[in-house]
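# Chains, contacts and geometry: an overview
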Amino acid sequence: MGYQLSKAEAGQMFQRWTENYDVFAPKVMEGEGCFSDTDIIRYDRVSSLDEIEWEKKSDYSFKEVLLAINETLFYFTEDQATVPKGPERDILIFLRACDLHAVKRLDEIYLRNGFEDFYYARVRERAKFILMGCETSCASGFCVSMGTNRADNYDAYLKVDGETVWLDVKCEALEKTLETSGSVAEASGEADGSADAAETAGASVRLGRPAEVTPDYVTENVEKVTLPKKLSNESFTKEIWQEYGERCIGCGRCNFVCPTCTCFTMQDIFYKDNPKVGERRRVWASCQVDGYTDMAGGHGFRQKQGDRMRFKVMHKIYDYEKRFGYPMCVGCGRCDDVCPEYISYSNCVNRLAKEESEA
């Protein structure tokens, strides 16, 4: 159901959201960027629509809301283990179409990949998603090429246009937050002496008015990507992997900003006062970082940086698609934005497609 609300009415609605949900959205964090006196856009709790960054793409994705960067799986003592409590409240996450498609990728890995991940599932089942439209394309994104520029599986869509707010809500629980109590109408009637308003006391009044609301979707990107139509075994031995490997420094930043990367490592933390007591943590990791594939006995895989680059790219457009039927990459372009060596994932895929077509 679509609604047109004033900014004041939307503020009332948002107030009710914060009373019932933990609301996360992209937010400008001043002075917390990688360099001195630079800002960064990351996901954080917000308490009003004005705190949300609507125009620019977030530097980091929504993923850290569903998957904590550093998450304690259980605490242990000498003879028992205790699992920490999950979220106590439901969660609202503001995100764009490409990131909403990324949720589907995370669900495949953590919920339908042989078994259900307990920790992810208990957060995911409490999450609802608010779509943010894209009137224009970001510079590095290629969501149109990946078919992720449109999404309709949102719980609500919200757009702020000056003093007007447009809302398309599909979730019944969120739609109920538009209803005001009779006491509000009664108070309004007493204030202005309106008999009509006083008569509405005790009646349910809905914020806003019905309207046709269609989400804003981009139809063309500056960056365009052509996926290889058919990859062969020779794709894994091409010289481009060695070329990219010589440039890549293995920092892993591309993995950390990616909304679909799911690699992690485990850490056991032992407390100083009693080394037999501590906690086990799941921590984000990167397939591009040296030592990630090391195993007991000194064995390791993908020791060369070029092999790691090949694994990342081929997993996004080949391995994952072979298993689930669609590419893992959603074309957000964050990996291109964050790379300190200016390695472009999109250019890499285009080169691979071109070489495959000429083979």
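That block above? That's the structure.
Reference entry: report on the structure contained in this document. Here the structure is a predicted model, which is why all the values come from computation and not from measurement.

## Considering the sheet that holds strand β1 (residues 2–6)
- Pairing in this open sheet of 8 strands is mixed, and the strands run β3-β2-β6-β7-β8-β9-β1-β12 from one edge to the other. Of all the strands in the sheet, just β3 (40–45) and β12 (209–210) have a single pairing partner and so form its edges.
- The sheet contact formed by strand β2 (residues 21–29) and strand β6 (residues 90–96) spans 4 bridges and is parallel. In the sheet register, Phe-24 faces β6, and the bridge partner there is Ile-93.
- Helix α3 (residues 97–111) contacts β3, β6 and β7 (127–132) of the sheet and is inclined by roughly 125° relative to β6.

## Looking at a negative patch on the surface
- A cluster of acidic residues, Glu-30, Glu-32, Asp-37 and Asp-39, forms a negative patch at the surface.
- Within the secondary structure, Glu-32 is located in the loop between β2 and β3.

## A look at the pattern of salt bridges
- Going through the model one piece at a time under the given rule, you end up with 27 salt bridges.
- Between Asp-117 and Arg-282 there is a salt bridge, and its shortest N-O distance comes to 2.7 Å. One end of the pair, Asp-117, is in the loop between α3 and α4 (118–124); the other, Arg-282, is in strand β14 (residues 278–284), with 165 residues separating them in the sequence. Arg-282 carries the same exposure label as Asp-117, and that label is buried.
- With a closest N to O distance of 3.0 Å, Arg-351 and Glu-243 form a salt bridge. Within this pair, whereas Arg-351 is found in helix α13 (residues 345–358), its partner Glu-243 is found in helix α9 (residues 239–247), the two being separated by 108 residues in sequence.
- The partly exposed category is assigned to Arg-351, whose relative accessible area is 29%.
- Judged by relative accessible area, which is 34%, Glu-243 ranks as partly exposed.

The rules behind these values
- Residues numbered from 1 in each chain as written.
- Predicted model: local features only at pLDDT ≥ 70, side-chain atom pairs only at ≥ 80, totals over all residues.
- Heavy atoms only, no water.
- Pairing = 2+ DSSP bridges.
- Helix = DSSP H or I, 4+ residues; strand = E, 2+ residues; numbered from the N terminus.
- Contact = heavy atoms within 4.5 Å.
- Axes fitted to C-alpha atoms, helices over the stretch in contact; angles between N-to-C directions.
- Patch = residues over 30% accessible without salt bridge, like charges linked within 9 Å, V, L, I, M, F, W, Y side chains within 5 Å.
- Areas by Shrake-Rupley, 256 points an atom, 1.4 Å probe, with all protein chains shown as cover.
- Salt bridge = Lys/Arg side-chain N within 4 Å of Asp/Glu carboxyl O.
- Lys, Arg positive; Asp, Glu negative; His and termini not counted.
- Charge placed at Lys NZ, Arg CZ, Asp CG, Glu CD.
- Buried < 20%, exposed > 50% of the residue type's maximum accessible area, 1.4 Å probe, protein only.

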